[in-house]
Amino acid sequence: MTAVVALGGGLVLVALLVLALVRPEVALLALVGLDVSNLNQVVADQVGVSPYRPLLLLALVALFVLLRRRRLVLRWSPVTLGLLVLFAGFCASLFGAADPAASQELLVSRARDLLYYLVVLGLVVSLRRVVTLAQVVVLVLAGLAGLTVVHEYLLGNSGDLFGLSRVPLVQEGGASTPRHAGTSSDVNFWARLLILVTPLALSLWAGAGRWRPRVVWAGCVLALLLGVYLTQSRGGFIALFVGLVTWLLLAGGRYRRSVLLLPVLLVVLVPLSGIGSRLLTLTAVTSSSTATADPSVVTRQRLQIDAWHMFLDRPLTGHGIGSYGTLFPRYDRLADYYTPVDIVVAAHNFYLEQAADGGVVLLLAWLVFAGTVLFAALRSRAVALRAGRTAEALLAVGVVAGVIGWAVASVFLHLSDFRAVLVVAALAAALDLRAGEQPADAVAAPVAPVPHRRLAVAGWAALAVAAAVGCVTAASASSTVWTSTSALAVVTARSGDPSTSYQLDVVTRGQIVPTLTAVVQRSSSLDDLAAAGAPADVLTVDADQSRLGGAVVVRVSAASAEAADGAAAAAVRLATQRVSALQEDYVLRGEPAPAEARTPVARWLAAPLGLLAVAAAALAVRTGRRRDDRPEPVTGTLVPQGRRSS
């Protein structure tokens, strides 16, 4: 059976490769359609292999084909600049990362996502398939959302339809139906994804000229709305409402006037559909007692409070992307032992998650990225309206409304669908670039070349700054650091006596180990280690509570393995002596751990930061040179052909 599946998959890839050589748009649509809809994961669950990387390679082949045919178009966009700024924010969060391995792994993943965006944008712009890409995204997700409707009302939620329609949650408080997750494993993530594309479906419906396409897109809108309803996501209901109102206001005309009818529609729809009873479950958590509150909401509050405390501890650059799971047990005294978390350990709030991981720097980077996406979409809308291209203007409105709806839904969720957001960002960039093109039926008045070198100068300046930053970064990370991490268990001096079971329970009684940790920290300074005979080249020493809460972790770093081992032995000796000297019945037991080499994060970041700055500078220089060669009008305006006066 495995051989048959492998053979079938190979034949499909060969067929796609041939199609990519003949029709490069096939690679683009297959890559985006399967990835945005999470069908890659469904295939991986069924056959054990995800087609994402082969499809990405196929898209790179399509780019090469376009390059050979001299059809490849590389255009600079503010959205690309915003994404580069965001990636720089990811890199900056790794300075002082709490879990360097996890942060570096996630940064590599984000770099692959950046490549994904560049490939999608390059293919969309070169092939001029902006509308087609939006149509494919809407059709695939609307089809899957419609399948959840069939699963609920016709099939009785039997099975999961080979992973295409999952129902992971039964009927919860206030919900009218079981909660559907589509191809996702989480109902709320599925709701946010559908909210992201629902305004695009509305735009395709409103921009369709003939009645048959309008019927198709109207069916897609209905399927997406019902799909969001079947998730029974409270945050999804709120975000969908905000996104739809945004679309109506920006679409203008009769759509904007229809906002006045929304109160009447809500008065009828909310009680009859059960949305009102579902939203009312949010009010119980505001009471003084959590006994009547939804347990999932209470847990999310707890997770978000810990994220806020993480941010307050390192407000500038945070603890490193992807570090929340590692840090959570240290901040939450109930974690893992007294009241275990029964949902995914994450901030469950996109903004608090990014604040905890990357601080103010990463939040500002996200603001720049989102701002460039909205700016590009709104600018393309304005230009398209002036040119009379209503369909393109409406598609830009769909992008803006989808991003705003996604942002509202993210108040209740952490980041999970980054590449879906990048696809919408690529749509905004492509619409903006297309809107800037000269209409085909217009002829420019006499022109003269005008020098334009501001971007070129800015590019070389950015390159110089990048070189300086790279030199400083490399100089600050001139040697490898050796770290010893020793875990010292907190036990009682009479641990063999059964009568001391209460004293042994240091985990549930959450004040004991943090107190002893503070005692160890205060008695383990660099001066204390030097007085205890530790080598002179010790860099840092600190103490913290263990992840499970029952031990004190002593961490020492030095410039050499011998120094780290000697300092670790001295630190453990000092810690045990200091705790034993207290008038309490607790001692520390453990041995110093051997030192391990760890390359400083600063050195690891030098390459990606340098490449990022060089890429930005090169693109700016290229754009500046292109504008030098582009003639600009001296006088007059664009005059449509056929109306020119002699």
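It should be emphasised that the depicted structure is a prediction, and the values quoted were computed from it without experimental measurement.

**Focus on a nonpolar patch on the surface**
And then number 1: On the surface, Val14, Leu17, Val18, Leu21 and Val22 cluster together into a nonpolar patch covering about 410 Å² of accessible area.
And then number 2: Its location among the elements puts leucine 21 in helix α1 (residues 2-22).

**Comments concerning the pattern of salt bridges**
And then number 1: The tally for this structure, following the rule as stated, stands at eleven salt bridges.
And then number 2: Put simply, glutamate 25 and arginine 23 hold a salt bridge, and the shortest N to O gap is 2.4 Å.
And then number 3: Close ionic contact of glutamate 25 with arginine 129 constitutes a salt bridge, the shortest N to O distance being 3.6 Å. With glutamate 25 in helix α2 (residues 25-36) and arginine 129 in the loop between α6 (100-127) and α7 (130-153), this pair connects stretches of sequence that are 104 residues apart.
And then number 4: Glutamate 25 gets classed as buried once you look at its relative accessible area, which sits at 11%.
And then number 5: Salt bridges sharing partners connect three or more residues here, namely Asp35, Arg110, Asp113 and Arg419.

**A word on helix α17 (residues 390-409)**
And then number 1: In this model α17 runs 28 Å from its N-terminal to its C-terminal C-alpha over 20 residues, within 8% of the 28 Å that 1.5 Å per residue would give.
And then number 2: Among the 20 residues in α17, 15 count as buried, and that is most of the element.

**With respect to the nonpolar core**
And then number 1: If you look at the biggest cluster of nonpolar residues, it comprises 110 residues, and the most contacted ones within it are Trp247 and Phe369.
And then number 2: Sequence-distant contacts of phenylalanine 369, defined by excluding residues within four places in its chain, comprise Val79, Gly82, Leu83, Leu86, Val421, Leu422 and Ala425.
And then number 3: In terms of nonpolar packing, the next biggest core, distinct from the first, is built from 23 residues, Ile512, Val513, Leu529 and Ala543 among them.

**Side note on the packing of aromatic side chains**
And then number 1: In total, this model carries 13 aromatic pairs according to the counting rule given.
And then number 2: A ring pair is formed by tryptophan 308 and phenylalanine 311, whose centres lie 5.5 Å apart and whose planes are at 40 degrees; its orientation type is tilted. With a gap of three residues between them, tryptophan 308 and phenylalanine 311 both fall in helix α14 (residues 295-313), about one helical turn apart.
And then number 3: Overall, tryptophan 308 belongs to the partly exposed group, its relative accessible area being 42%.
And then number 4: With 5.9 Å between their ring centres and 25 degrees between their planes, tyrosine 324 and phenylalanine 328 make a pair best called stacked. Within this pair, tyrosine 324 and its partner phenylalanine 328 are both found in helix α15 (residues 324-331), separated by four residues, close to a single helical turn.
And then number 5: Chaining the aromatic ring pairs together yields one cluster made of Phe90, Phe350, Tyr351, Trp366, Phe369, Trp406 and Phe418.

**Details of the packing of helix α5 (residues 78-92) against helix α18 (residues 418-435)**
And then number 1: Where α5 meets α18, the axes come as close as 8 Å, and the angle between the chain directions of the two elements is 150 degrees. Taken as axis vectors, α5 and α18 run roughly antiparallel relative to one another. Contacts between α5 and α18 pair Pro78, Val79, Leu83, Leu86 and Phe90 from the former with Phe418, Leu422, Ala425, Ala429 and Asp432 from the latter.
And then number 2: Residues of the contact of α5 with α18, tallied by class, amount to nine nonpolar, no polar and one charged.

**Thoughts on the confidence of the model for the chain**
Regions with low pLDDT carry predicted coordinates that are not meant to be interpreted in detail.
And then number 1: Per-residue pLDDT for the chain has a mean of 80; in total, 77% of the residues score no lower than 70.
And then number 2: Low confidence marks residues 440-456, where pLDDT is under 50. Its contacts with residues over four positions away, or in another chain, come to 42 contacts.

**Notes on the packing of α7 against helix α8 (residues 187-207)**
Packed helices, taken two at a time, are described by the angle their axes make and the gap between the axes.
And then number 1: Taken N-terminus to C-terminus, the directions of α7 and α8 make an angle of 125 degrees; their axes are 9 Å apart at the nearest point. By the angle between their directions, the pair α7 and α8 is classed as oblique. Seen along the crossing, α7 lies across α8 with a hand that is left-handed. Along its contact with α7, which presents Val131, Ala134, Gln135, Val137, Val138, Leu141, Leu144 and Ala145, the element α8 presents Trp190, Leu193, Leu194, Val197, Leu200, Ala201 and Leu204.
And then number 2: By residue class, the composition of the contact of α7 with α8 is 14 nonpolar, one polar and no charged.

Reading guide: rules and limits
Residues numbered from 1 in each chain as written. Predicted model: local features only at pLDDT ≥ 70, side-chain atom pairs only at ≥ 80, totals over all residues. Heavy atoms only, no water. Patch = residues over 30% accessible without salt bridge, like charges linked within 9 Å, V, L, I, M, F, W, Y side chains within 5 Å. Areas by Shrake-Rupley, 256 points an atom, 1.4 Å probe, with all protein chains shown as cover. Salt bridge = Lys/Arg side-chain N within 4 Å of Asp/Glu carboxyl O. Helix = DSSP H or I, 4+ residues; strand = E, 2+ residues; numbered from the N terminus. Buried < 20%, exposed > 50% of the residue type's maximum accessible area, 1.4 Å probe, protein only. Expected span 1.5 Å × (residues − 1). Core = buried A, V, L, I, M, F, W, Y, C linked by side-chain atoms within 4.5 Å. Contact = heavy atoms within 4.5 Å. Phe/Tyr/Trp six-rings, centres within 6.5 Å; stacked < 30°, edge-to-face > 60°. Axes fitted to C-alpha atoms, helices over the stretch in contact; angles between N-to-C directions. Parallel < 35°, antiparallel > 145°, perpendicular 65-115°, else oblique. Nonpolar A, V, L, I, M, F, W, Y, C, P; charged D, E, K, R; others polar. pLDDT = per-residue confidence, 0-100. Left-handed = near helix turned anticlockwise from the far one by under 90°.

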